[in-house]
Amino acid sequence: MLLRLVFIVSFVSCLFLTYLFGSNRLTKEISSWKSLSPPPLTLVSEDLINPFILGHRRLFDDFITLWTIQILLDPNLKSYATDSMMTEFFRKTLSQRPKVESLYLLSCFTMSIDFDRPDACVEIGKWGIEAFPESWRIPMTFPGGTKLLEMIRPSLKNLTPREIDNKNINSNGQ
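The structure displayed is predicted, hence computed values, not measured ones.

Draft legend 1. Spatial organisation of helix H8 (residues 120–131). Between the first and last C-alpha of H8 there are 17 Å, a value that for 12 residues agrees with the 16 Å anticipated at 1.5 Å per step. Taken as a whole, H8 has its buried residues at Ala120, Cys121, Ile124, Gly125, Trp127, Gly128 and Ala131. Relative to the axis of H8, the buried residues are bounded by an arc of 160° and lie together on one face. Turned more than 90 degrees away from the buried face of H8, the exposed residues are Lys126 and Glu130. Residues of H8 that are buried make contact with helix H6 (83–93), helix H7 (101–114) and helix H9 (137–140).

Draft legend 2. Up close: unusual backbone geometry. Here the phi dihedral of Arg97 falls at roughly 50°; this positive angle occurs in a residue that is not glycine. Tracing the sequence through the fold places Arg97 in the loop between H6 and H7. Judged by relative accessible area, Arg97 falls into the partly exposed class, the value being 24%.

Draft legend 3. Examining the pattern of salt bridges more closely. In total, this model carries seven salt bridges according to the counting rule given. The shortest N-O distance in the salt bridge between Glu123 and Arg91 comes to 3.0 Å. Of this pair, Glu123 sits in helix H8 while Arg91 sits in helix H6, and the two are 32 residues apart along the sequence. Within the structure, one salt-bridge network assembled from shared partners comprises Asp83, Arg117 and Asp119.

Draft legend 4. Quick peek at the packing of aromatic side chains. Evaluation of the coordinates by the stated rule reveals three aromatic pairs. Pairing Tyr104 with Phe132 gives two aromatic rings, centres 6.2 Å apart and planes at 80°, and the pair type is edge-to-face. A residue pair is termed long-range when its members are at least 10 positions apart, and Tyr104 in helix H7 and Phe132 in the loop between H8 and H9 qualify at 28 residues. Positioned above the aromatic ring of Phe132, the side-chain terminus of Lys99 is 5.7 Å from the ring centre.

So, how was this worked out
Residues numbered from 1 in each chain as written. Predicted model: local features only at pLDDT ≥ 70, side-chain atom pairs only at ≥ 80, totals over all residues. Heavy atoms only, no water. Helix = DSSP H or I, 4+ residues; strand = E, 2+ residues; numbered from the N terminus. Expected span 1.5 Å × (residues − 1). Buried < 20%, exposed > 50% of the residue type's maximum accessible area, 1.4 Å probe, protein only. Arc of directions from axis to C-beta. Contact = heavy atoms within 4.5 Å. Salt bridge = Lys/Arg side-chain N within 4 Å of Asp/Glu carboxyl O. Phe/Tyr/Trp six-rings, centres within 6.5 Å; stacked < 30°, edge-to-face > 60°. Lys NZ or Arg CZ within 6 Å of the ring centre and 35° of its normal.

This is the structure we're talking about:
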């Protein structure tokens, strides 16, 4: 009886793996990030997510952040994403109000600098303020900081993120 059960489970597993690797499904799954799909579980209500993640909300927030950063740092992002696609991506991704303040700032700067849409920062800022009502950095990033952006935009246009980071380190004297 046990041998029969092992055989059935093995057979079903082989069928599943054959289907998965033998079809276009795997190729579509691997390249689905190019369609700016939001992180898994971000479209599920918070009431359903909490039991699933076993109360590890900070871990889930870090996962959302890593997923988003991986997409935002893609050097080819502007070749396949439009500003409306990015706005929708942020709507879905930030709907969970992850508790990582820099995620909201990075999202705003991406929309402002890379996609030339500083007006999108208003919505991103609202989500950030909901997640961090005590934050002073998020409200400073738009619409109040548009003059600051206009001042720094020419110097940031041609720099890579690594060069920007090196500039910050050198200016701090470290």
